[in-house]
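What follows is the residue order along each chain.
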Amino acid sequence: MDKNENQSELFDIAGQTFNSRLLVGTGKYKDFKETKSAIDESGAEIVTVAIRRVNIGQDKNQPSLIDYLPPKDYTYLPNTAGCYTADDSVRTLRLARELLDGHKLVKLEVLGDSETLYPNVVETLNAARILVKDGFDVMVYTSDDPIMAKQLEDVGCCAIMPLASLIGSGMGILNPWNLEIIIDRLSVPVIVDAGVGTASDASIAMELGCDGVLMNTAIAAAKNPILMARAMKKSIEAGREAFLAGRMPKKLYQASPSSPTKGIIE
Amino acid sequence: MKISINGKMQSFDKDVLTFETLIKEINLEGRRFAIERNGEIIPKSQFNKYTLNDGDKLEIIGAVGGG
């Protein structure tokens with residue numbers, strides 16, 4: 001790969017440069033050891049974490065996520081999973097900023113209901129405005145509505161993260177057309193967040209021109225999470241390279257032989 | 001004084017209690033966390049200066065696995 005192609009593989013979010021276009025969650029693993037092994041195998045540099053009450057009275061020496069994933073080795077992306085209002089999500093991320101010593105890069109996700117975990121885009125937009133004004137770099141989970149995606153970009157979000165399908169559903173890319181419209185219209189990175197089930201889903205997202213994919217359950221709930229993490233790494237790279245290479249045009253009604261039509265033995 | 005910590009009432013047999021002392025009392029020293037008192041974040045740098053009041057409601061949070 002020449003230097004230019006290599007350069008194009010670098011990935012920029014809010015002024016920070018990353019090599020991997022795969023972002024991963026840290027939930028649902030068997031234990032912290034498996035969490036770390038899967039993440040390292042995936043090559044992901046950005047990892048999402050949730051903010052929750054600490055367990056008071058817990059043994060001080062009991063390991064925590066931070067012991068296994070030191071914030072100096074990974075870029076933490078504290079999220080607002082479980083928040084249903086703009087106020088709750090802003091509060092959560094301000095606490096996260098204090099927890100992580102002024103860390104500004106965050107994932108905003110404001111849910112609409114507990115059955116579908118579908119985003120409440122009105123609350124999301126309100127929260128995004130407040131957080132951007134407060135100095136946060138906001139990567140935002142949203143629906144695949146192109147108008148909403150554009151509005152989130154316009155209020156200053158540094159990455160727009162539309163769902164491929166419902167969180168944790170593994171249903172894959174259900175509306176590639178909407179994702180294409182979003183990718184076409186936005187100038188900030190577009191990262192598919194939620195719904196990826198297996199490697200081909202991640203490749204499809206990247207082939208559409210997404211800048212990255214964020215996933216958790218697809219790896220953590222695989223029978224062999226470490227192997228799936230490796231598969232996802234390859235699928236993201238393959239999809240990205242296929243996008244950069246530019247696919248051949250589709251010919252719906254006319255085949256085209258790969259071998260010469262001249263010199264056939266008579 | 002009585003303080004609510006993560007939704008649970010706890011009593012402390014002290015007239016003056018700094019956040020620094022409280023953290024030792026509840027065995028959180030050396031762990032990574034952030035504290036909110038009555039909706040307001042208490043900066044780590046102020047733990048030795050800020051004191052608690054009877055009836056304060058604290059939320060003490062940390063990072064856990066999540067997507």
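What you are looking at is a predicted structure, and each value in this text was computed from that prediction instead of being measured.

Calculation notes
- Residues numbered from 1 in each chain as written.
- Chains lettered and ligands numbered in written order.
- Predicted model: local features only at pLDDT ≥ 70, side-chain atom pairs only at ≥ 80, totals over all residues.
- Heavy atoms only, no water.
- Helix = DSSP H or I, 4+ residues; strand = E, 2+ residues; numbered from the N terminus.
- Rg over C-alpha atoms; globule rule 2.2 N^0.38 Å.
- Buried < 20%, exposed > 50% of the residue type's maximum accessible area, 1.4 Å probe, protein only.
- Contact = heavy atoms within 4.5 Å.
- Areas by Shrake-Rupley, 256 points an atom, 1.4 Å probe, with all protein chains shown as cover.
- Lys, Arg positive; Asp, Glu negative; His and termini not counted.
- Charge placed at Lys NZ, Arg CZ, Asp CG, Glu CD.
- Buried area = accessible area lost by both parts, 1.4 Å probe.
- Salt bridge = Lys/Arg side-chain N within 4 Å of Asp/Glu carboxyl O.
- Polar contact = N/O pair within 3.5 Å; in protein donor to acceptor, adjacent residues only side chain to side chain.
- Nonpolar A, V, L, I, M, F, W, Y, C, P; charged D, E, K, R; others polar.
- Core = buried A, V, L, I, M, F, W, Y, C linked by side-chain atoms within 4.5 Å.

What's the story with the overall build of chain A in this structure? I'm lost.
Within chain A, the secondary structure is distributed over ten helices and ten strands. Since a compact globule built from 266 residues should have a radius of gyration of about 18 Å, the 20 Å found for chain A is in line with a globular shape. The 266 residues of chain A split such that 48% are buried. Taking the intrachain contacts of chain A between residues at least 6 apart in sequence as the baseline, contacts between residues at least 24 apart amount to 65%. For chain A, the computed accessible surface area is about 13300 Å², with 51% contributed by carbon and sulfur atoms. In chain A, 28 side chains carry a positive charge and 35 a negative one; their mean positions are 2 Å apart.

I'm lost on the interface of chain A and chain B in this one. Help?
One frequently used descriptor of interface size is the decrease in accessible area upon assembly of the parts. Listed by partner, the interface residues are 30 residues for chain A and 27 residues for chain B. Counting each side, the surface lost to burial between chain A and chain B is near 2600 Å², with a carbon and sulfur contribution of 56%. Residue Glu36(B) is joined to Arg91(A) by a salt bridge in which the shortest nitrogen-to-oxygen separation is 2.4 Å. Seen at the junction of chain A and chain B, the total is 16 residue pairs in polar contact (both at pLDDT 80 or more). Contributing elements (two or more residues each) for the side of chain A that touches chain B: β4 (46-53), α3 (65-68) and α4 (86-99) of chain A. The element that contributes the greatest number of residues to the side of chain A that touches chain B is β4(A), accounting for six residues. A class-by-class count of the residues in the side of chain A that touches chain B yields twelve nonpolar, nine polar and nine charged.

How do you make sense of the pattern of salt bridges when you look at a structure like this?
For side chains of opposite charge, pairing can occur when their charged atoms come near one another. Summed over the entire model, instances satisfying the criterion amount to 15 salt bridges over all chains. Between Lys107(A) and Glu109(A) there is a salt bridge; the shortest N-O distance is 3.1 Å. For the pair shown, Lys107(A) and Glu109(A) are each scored as buried. With a closest N to O distance of 3.0 Å, Arg37(B) and Asp56(B) form a salt bridge. With a gap of 19 residues between them, Arg37(B) in strand β3 (residues 34-37) and Asp56(B) in the loop between β4 (40-42) and β5 (57-65) connect regions that are remote in the sequence. What you see here is one network of salt bridges that share partners, running through Arg94(A), Arg97(A) and Asp134(A).

Please clarify how unusual backbone geometry should be interpreted in this entry.
Residue and element names in this part refer to chain B. Although it is not a glycine, Asn-6 adopts a positive phi angle of roughly 50°. Relative to the helices and strands, Asn-6 is located in the loop between β1 (2-5) and β2 (8-11). According to the relative accessible area criterion, Asn-6 is buried, its value standing at 11%.

Whenever I open this one, the nonpolar core confuses me. Can you help?
Soluble, globular proteins show a tendency: their nonpolar side chains are buried together. Membership of the largest hydrophobic core comes to 65 residues, with the highest contact counts inside it found for Tyr76(A), Met215(A) and Met232(A). Per-element accounting of this core gives the leading share, six residues, to α4(A). Apart from residues lying up to four places away in sequence, Met232(A) is in contact with Leu22(A), Val196(A), Gly197(A), Thr198(A), Ala199(A), Ala202(A), Met215(A), Ala218(A) and Ile219(A). Residues Val54(A), Leu22(B), Ile26(B) and Phe33(B) belong to the second largest nonpolar core, which totals 18 residues.

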